[in-house]
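Here are the chains, one letter per residue:
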Amino acid sequence: MKTCLVTGGAGFLGAHLCRELLERGHKVICIDDLSTGNIRNLPESDGFFQFFRHDICFPFETSGHIDEIYNLACPASPLNYQGKNAIQTTRTCVLGALNMLEFAQRHGSTILQASTSEVYGEPLTSPQREADRGNVNPIGIRACYDEGKRCAESLFFDFYREKGTKVKVVRLFNTYGPMMSINDGRVVPNFICQALRGEDITVYGDGSQTRSFCFVRDTISGIISMMESDSYVTGPVNIGNPEEITILELAKTIIEKVRSSSKIVFRPIPDDDPTRRVPDIGKASAFLGFKPTTSLDEGLELTIPYYINLRRGVQ
Ligand code: UDP
């Protein structure tokens, strides 16, 4: 049994991760400032699970040994990290990473950074490989997240080189599944909820931009495999599902699955919205034996009932 600390543990990925770590018999300490996370996604506190409301922009301390830290804290939806939350997003990425790296250093813990496919910006080649340097607009509306996560990666590798901190970095591609907030703003919950309500499905741009959607169970298994990998596997390693789909195709698929009468409408595309996103998972496969097992079709079948139940007030 290990003691794991999960920052951003009340968020979509964080809550799934806390539950999976508990399932595997570990002790979990979850910290979250609840700015975008939802405490209702978390299990009750007991001898195995503890929750602290805390903003990682400020140093965190706890007594007792921490084996592993999963640093997930950060708003991840463009709707949440842009606009009024942009400065706080950079702060969370950079100061949060710094505080948690110093914590890891003090405790001798292994620390994993949830980085993102956004470090690739507007990709110059597809699929995106870890060696790609990225093509990010440093002054655009997505920069707080993209550059914040890039700076966090550089801090991780500087701690590794300068202080010998045990670091691991995964670059997560689009993930979806139950427990993503209905108001999250990301495309999968938006389209499902619009389809369930019979509202217009809002495709931004002409819908020809692509994403590759990974079901949350697969993403979580990739993250945990990375943490459990040999210490020389520092990453960065892409985690995602290479099944690429255009946003217009996704809209049609969801309308069909929900058997909705919704119509597709086209809305202006946000600035710097990447035109393609597809992971090369060769490294994840070679180093972690990672292979996503849930197709988009199956994953949507597992996700849609969650939103049906939310509408019924069951969830
Ligand atoms: N998108 C859309 N309609 C929506 C929400 C998103 O067409 O209601 C598009 C968005 O412009 C992007 C893609 O879906 O091209 C994925 O967006 P999301 O916010 O889920 O994540 P991103 O990959 O952009 O961080």
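A few points on the structure. The structure displayed is predicted, hence computed values, not measured ones.

A short note on the environment of Leu 124
Argument step 1. Relative to the helices and strands, Leu 124 resides in the loop between strand E5 (110-116) and helix H4 (143-163).
Argument step 2. Distance in space between the C-alpha atoms of Leu 124 and Ser 35 is 34 Å, their sequence separation being 89 residues.

With respect to the nonpolar core
Argument step 1. Core analysis: the largest hydrophobic core is formed by 57 residues, its most contacted members being Tyr 70 and Leu 250.
Argument step 2. Among residues more than four places away in sequence, those in contact with Leu 250 are Val 187, Val 188, Phe 191, Phe 213, Ile 245 and Leu 296.
Argument step 3. Ranked by size, the runner-up nonpolar core spans 21 residues in total, among them Leu 5, Ala 97, Leu 101 and Leu 155.

Points about the sheet that holds strand E2 (residues 27-32)
Argument step 1. On the basis of which strands lie adjacent, the open sheet formed by seven strands has the order E3-E2-E1-E4-E5-E6-E11 and parallel pairing. Since the sheet does not close on itself, it has two edges, and those belong to strand E3 (49-53) and strand E11 (237-239), each with one partner. Taken pair by pair, the neighbouring strands of this sheet meet at an average axis angle of 20°, ignoring direction.
Argument step 2. Sheet topology places strand E1 (residues 3-7) next to strand E4 (residues 68-71); four bridges connect them, and they run parallel. Residue pairing across strands places Cys 4 opposite Glu 68, the latter belonging to E4.
Argument step 3. The strands touched by helix H1 (residues 12-23) are E1, E2, E3, E4 and strand E6 (166-172); relative to E1, the strand with the most contacts, the crossing angle is about 170°.

With respect to the pattern of salt bridges
Argument step 1. What the rule picks out here adds up to 15 salt bridges.
Argument step 2. Its salt-bridge partner being Glu 61, residue Arg 106 comes within 2.7 Å of it at the nearest N-O pair. Of this pair, Arg 106 sits in helix H3 (residues 86-107) while Glu 61 sits in the loop between E3 and E4, and the two are 45 residues apart along the sequence.
Argument step 3. Close ionic contact of Glu 153 with Arg 171 constitutes a salt bridge, the shortest N to O distance being 2.8 Å. Note that Glu 153 is positioned in helix H4 and Arg 171 in strand E6, a separation of 18 residues in sequence.
Argument step 4. Each of Glu 118, Arg 142 and Arg 277 takes part in salt bridges that share partners, so that together they form one network.

Brief notes about helix H5 (residues 187-197)
Argument step 1. Most of H5 is tucked away, with eight of its eleven residues classed as buried.
Argument step 2. Turning to H5, its buried residues are Val 188, Pro 189, Asn 190, Phe 191, Ile 192, Cys 193, Gln 194 and Ala 195.
Argument step 3. Looking at the buried positions of H5, the neighbouring elements they touch are strand E7 (175-176), strand E8 (201-204), helix H7 (247-258) and helix H9 (296-312).
Argument step 4. Just downstream of H5, Gly 198 is the residue with a positive phi angle, here 75°.

Side note on the packing of H1 against helix H6 (residues 216-228)
Argument step 1. Between H1 and H6, the least distance of the axes is 10 Å, while the angle of their chain directions is 65°. In this view, H1 runs roughly perpendicular relative to H6, as classed from their interaxial angle. Viewed along their axes, H1 and H6 form a crossing whose handedness is right-handed. Contacts from Phe 12, Leu 13, His 16, Leu 17, Glu 20 and Leu 21 in H1 reach Val 216, Thr 219, Ile 220 and Ile 224 in H6.
Argument step 2. Across the contact of H1 with H6, the residue classes tally to seven nonpolar, two polar and one charged.

Considerations on the site of the ligand
Argument step 1. Not every one of the 17 residues close to the ligand is listed here, only the nearest: Val 187, Thr 202, Tyr 204, Arg 211 and Asp 273.
Argument step 2. Within the side chain of Arg 211, a nitrogen or oxygen atom sits 2.6 Å from an oxygen atom of the ligand.
Argument step 3. Asp 273 is positioned with one of its side-chain polar atoms (N or O) 2.6 Å from an oxygen atom of the ligand.
Argument step 4. Burial of the ligand by the protein amounts to 95% of the accessible area it has alone, namely 520 Å².
Argument step 5. Listing elements by their share of the shell around the ligand, those giving two or more residues are H5 and E8.
Argument step 6. Looking at the shell around the ligand, its residues break down into seven nonpolar, five polar and five charged.

Quick word on the packing of H5 against H9
For any two helices packed against each other, the geometry comes down to the angle between their axes and how far apart the axes lie.
Argument step 1. The N-to-C vectors of H5 and H9 enclose an angle of 60°; their axes lie 10 Å apart at closest approach. With respect to H9, the element H5 is oriented oblique. Seen from above, H5 lies across H9 with right-handed handedness. Residues Val 188, Pro 189, Ile 192, Cys 193, Leu 196 and Arg 197 of H5 touch H9, and the partners they reach there are Leu 300, Thr 303, Ile 304, Tyr 307, Ile 308 and Arg 311.

Looking at H6
Spacing of three or four residues puts side chains on the same side of an α-helix, whose turn is 3.6 residues.
Argument step 1. Over its 13 residues, H6 runs 18 Å from end to end, which matches the ideal 18 Å to within 8%, given 1.5 Å per residue.
Argument step 2. Of the positions making up H6, those classed as buried are Val 216, Asp 218, Thr 219, Ile 220, Gly 222, Ile 223, Ile 224, Met 226 and Met 227.

Rules and cut-offs
- Going along each chain's sequence as written, the residues are numbered from 1 onward.
- Per-residue local features are limited, in this predicted model, to residues with pLDDT of at least 70; the limit for side-chain atom pairs, both in listing and counting, is 80 or more; totals at the level of whole chains, interfaces and linings are taken over all residues.
- Note that the side-chain values use all heavy atoms of the structure and ignore hydrogens as well as water.
- In DSSP terms, a helix is any run of H or I states spanning at least four residues, a strand is any run of E spanning at least two, and both are numbered starting from the N terminus.
- Among buried residues, those of type Ala, Val, Leu, Ile, Met, Phe, Trp, Tyr and Cys that are joined through side-chain atoms within 4.5 Å constitute a nonpolar core.
- Exposure categories follow from relative accessible area, calculated using a 1.4 Å probe and restricted to protein chains: below 20% of the type maximum is buried, above 50% is exposed, and the middle band is partly exposed.
- Any two residues having at least one pair of non-hydrogen atoms within 4.5 Å are treated as being in contact.
- A pair of strands is considered paired only if DSSP assigns at least 2 bridges between the two.
- Fitting a line to C-alpha atoms yields each axis, with helices limited to the stretch in contact; the angle taken between N-to-C directions then spans 0 to 180 degrees.
- Salt bridges, as used here, are contacts in which a Lys or Arg side-chain nitrogen is within 4 Å of a carboxyl oxygen on Asp or Glu.
- Roughly parallel means an angle under 35 degrees; roughly antiparallel, over 145; roughly perpendicular, 65 to 115; everything else is oblique.
- Here a crossing is called left-handed whenever its near helix is offset anticlockwise from the far helix by less than a right angle, and right-handed whenever the offset is clockwise.
- Residue classes follow a fixed rule: Ala, Val, Leu, Ile, Met, Phe, Trp, Tyr, Cys and Pro count as nonpolar, while Asp, Glu, Lys and Arg count as charged, and any other residue, Gly among them, counts as polar.
- Throughout this document, a residue counts as near a molecule or strand when at least one of its heavy atoms sits within 4 Å of that molecule or strand.
- For this analysis, a polar contact is any N or O atom pair within 3.5 Å, provided that within protein one partner can donate a hydrogen and the other can accept it, and provided that sequence-adjacent residues contribute only side-chain to side-chain pairs.
- Only the protein chains shown count as cover for residues, and the accessible areas themselves come from Shrake-Rupley with a 1.4 Å probe.
- In this analysis, the expected span of each helix is defined as 1.5 Å times one less than the number of residues it contains.

Shape descriptors only; they carry no functional weight alone.
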